[in-house]
Amino acid sequence: MSELLVTGGQVLRPDMTIERADVLVSQDSGDIVAVDEPGTLGGDDELDASDGLVIPGLVNAHTHVAMTLLRGLADDKPLDAWLQEDIWPVEAELAAEDIRAGAELGLVEMIRSGTTALSDMYFEVEEIADAVDQAGMRAVLGFTAVTVGKDDEAARSDLRESLDVARKLDGAADGRVRTTFQPHSLTTVGEEYLSEFVPKALDDDLSIHLHANETRDEVTPIVDEHGQRPLAYADDIGLLDGDTYVAHGVHVDDSEIDLLAETGTGVAHCPASNMKLASGMAPVQDLLDAGVTVGIGTDGAASNNDLDMFDEMRDAAMIGKLAADDASAVDASTVVEMATANGAALLGFDSGRIETGANADLAVIDLDAPHLTPAHDLVSHLAYAVHGSDVRHTVCDGEVLMRDRTVEVFDEQAVRERASDHAAALVERAGD
Ligand SMILES: [Zn+2]
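For clarity, every value in this text was computed on a predicted model and none was experimentally measured.

A. Spatial organisation of the coordination of the zinc ion. For the zinc ion, the full set of protein donor atoms is H62 (NE2), H64 (NE2), H211 (NE2) and D299 (OD), at a range of 2.1 to 2.4 Å. What the four donor atoms of the zinc ion show is an angle range of 82 to 170 degrees at the metal, which sorts the shape as irregular. In primary sequence terms, the donor set of the zinc ion follows H-x1-H-x146-H-x87-D. Separated by 149 residues along the polypeptide, H62 in strand 8 (residues 58-63) and H211 in strand 13 (residues 207-212) bring together distant segments of the chain.

Written out as structure tokens, the structure reads:
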């Protein structure tokens, strides 16, 4: 039996209090075994958390991790033009090895910034699952089906693949990988395909992850064509009948907020992407007040442009206040909860809290820094002042992914070089 002791630090507890404690984790079960007063526990190995704060590993509830290859390729355009003119032509050239290289880069970036779990939407999902396996992280993965611009055969093939990938990869990486059925969005997958394939996903008890209500341009065509709001349309098709979460949920009206709450549908809020693409401000406080589970995601690196969940917490608090026109909205402890416990609930992992019996997924923040001084309120610091680069150690499933700022699960330099090479070759191919 191998046990790891995270010792000498302060610990963020599930009720958002901070206490001096040591955390003992089992590397066999991957669970937290005990949280107790300093000096009372012992392990086979130790992680030094002195001058540090132990927090649950952050959960990135919506991303496209391999899109790190497109970071900084095209900025400062609205969603539609950005996708059609810049992103999709390059994505059309993506080969499996590119996706592997981009995924590894994104996972290294996440480990360095204290993220231990992600929910990803993309293609070549086996490559991403293998990268997650090597990273030692947890992930909910899936193949994203799009039917617009495709003939019937290609459209069906996409949706079948989304079902097949979800069935096949669930439980991969010793159970750290789970899957979802993924229609890309309500406007990029035709109604006839949703009506045919969503019941199959529900029959198989597959979770569902899709983009919804991201921009006004996604709302208007559905209202025009179907005479109802997008989420009412989604509900009629059965999309909200299962274990479903939608990415974005920016342009949702009161009836849709109620519908999300009634159906237990979660939202992965992506504040930086919504701001960068000028998509709008999600009514996060209204969603939370209605009882909707809201997590936080970075979205892809091309629309962010990093995968740092501390940036994302700060952005979520800021834009949440603007959207509510109320400085008390989406407060510090709320965003920390969104990035930890809420995200874990959306993804279906028993993580997101430092508590005996929970998954041993955690990060240790180095508090010995000018921008974290003084320490009136460490929850405030987590929301507003900590950067991803302040993370000293990252642990997932009881295993050390990063120790003293050195990533142990990848050769970081090699990952960066490979990603740079693949990105350069990709852009050159797309330009030909
Ligand atoms: Zn997205």
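B. Just the pattern of salt bridges, in detail. Taken as a whole and assessed by the stated rule, the structure comprises 28 salt bridges. E104 is the partner of R418 in a salt bridge, and the nearest nitrogen-oxygen pair spans 2.7 Å. Residue R418 is found in helix 14 (residues 412-431), and its partner E104 is found in helix 2 (residues 96-112); the two are separated by 314 residues along the sequence. One salt bridge connects D204 with R167, and the closest N-O pair in it is separated by 2.4 Å. Of this pair, D204 sits in the loop between helix 5 (191-203) and strand 13 while R167 sits in helix 4 (residues 152-169), and the two are 37 residues apart along the sequence. The network of salt bridges with common partners includes R100, E104, E127 and R418.

C. Spatial organisation of the UniProt feature "binding site: substrate" (unreviewed entry) in the chain. Here the UniProt-annotated "binding site: substrate" (unreviewed entry) positions come out as E91, H184, E214 and D299. Residue placement: E91 occurs in helix 1 (residues 79-91). Dropping the residues within four chain positions of it, E91 is found in contact with M67, L70, Y122 and F123. Not counting residues within four places of it along the chain, the set of residues in contact with H184 comprises M121, T144, A145, V146, V189, L210 and H211. A polar contact of 2.8 Å, which involves the side chain of H184, links it to the side chain of T188.

D. Region of the structure containing the domain arrangement of the chain. The assigned domain composition of the chain is domain 1 (3-56 + 353-407) and domain 2 (58-347). Look at where the C-alpha atoms of domain 1 and domain 2 centre, and you get two points 28 Å apart. In this assembly, 27 residues from domain 1 lie in contact with 27 residues from domain 2. Around 2100 Å² of area is buried between domain 1 and domain 2 when both sides are counted, 65% of it from carbon and sulfur atoms. Here domain 1 and domain 2 share two salt bridges between them. Its salt-bridge partner being R138, residue D397 comes within 3.2 Å of it at the nearest N-O pair. Our count for the contact surface shared by domain 1 and domain 2 stands at nine residue pairs in polar contact (both at pLDDT 80 or more). Those elements giving two or more residues to the side of domain 1 that touches domain 2 turn out to be strand 7 (52-56), strand 17 (362-366), helix 13 (378-384), strand 18 (391-396) and strand 19 (399-403). A per-element tally of the side of domain 1 that touches domain 2 places helix 13 first, with five residues. Here the residues of the side of domain 1 that touches domain 2 are counted per class, giving 18 nonpolar, six polar and three charged.

Calculation criteria
- Residues numbered from 1 in each chain as written.
- Predicted model: local features only at pLDDT ≥ 70, side-chain atom pairs only at ≥ 80, totals over all residues.
- Heavy atoms only, no water.
- Donors = N, O, S within 2.8 Å, 3.2 Å for Na, K, Ca; no water.
- Tetrahedral: all angles 85-135°; square planar, octahedral: opposite > 155°, others 65-115°.
- Helix = DSSP H or I, 4+ residues; strand = E, 2+ residues; numbered from the N terminus.
- Salt bridge = Lys/Arg side-chain N within 4 Å of Asp/Glu carboxyl O.
- UniProt positions renumbered as here; feature names shortened; annotations may be inferred.
- Contact = heavy atoms within 4.5 Å.
- Polar contact = N/O pair within 3.5 Å; in protein donor to acceptor, adjacent residues only side chain to side chain.
- Domains from an automatic or database assignment.
- Buried area = accessible area lost by both parts, 1.4 Å probe.
- Nonpolar A, V, L, I, M, F, W, Y, C, P; charged D, E, K, R; others polar.

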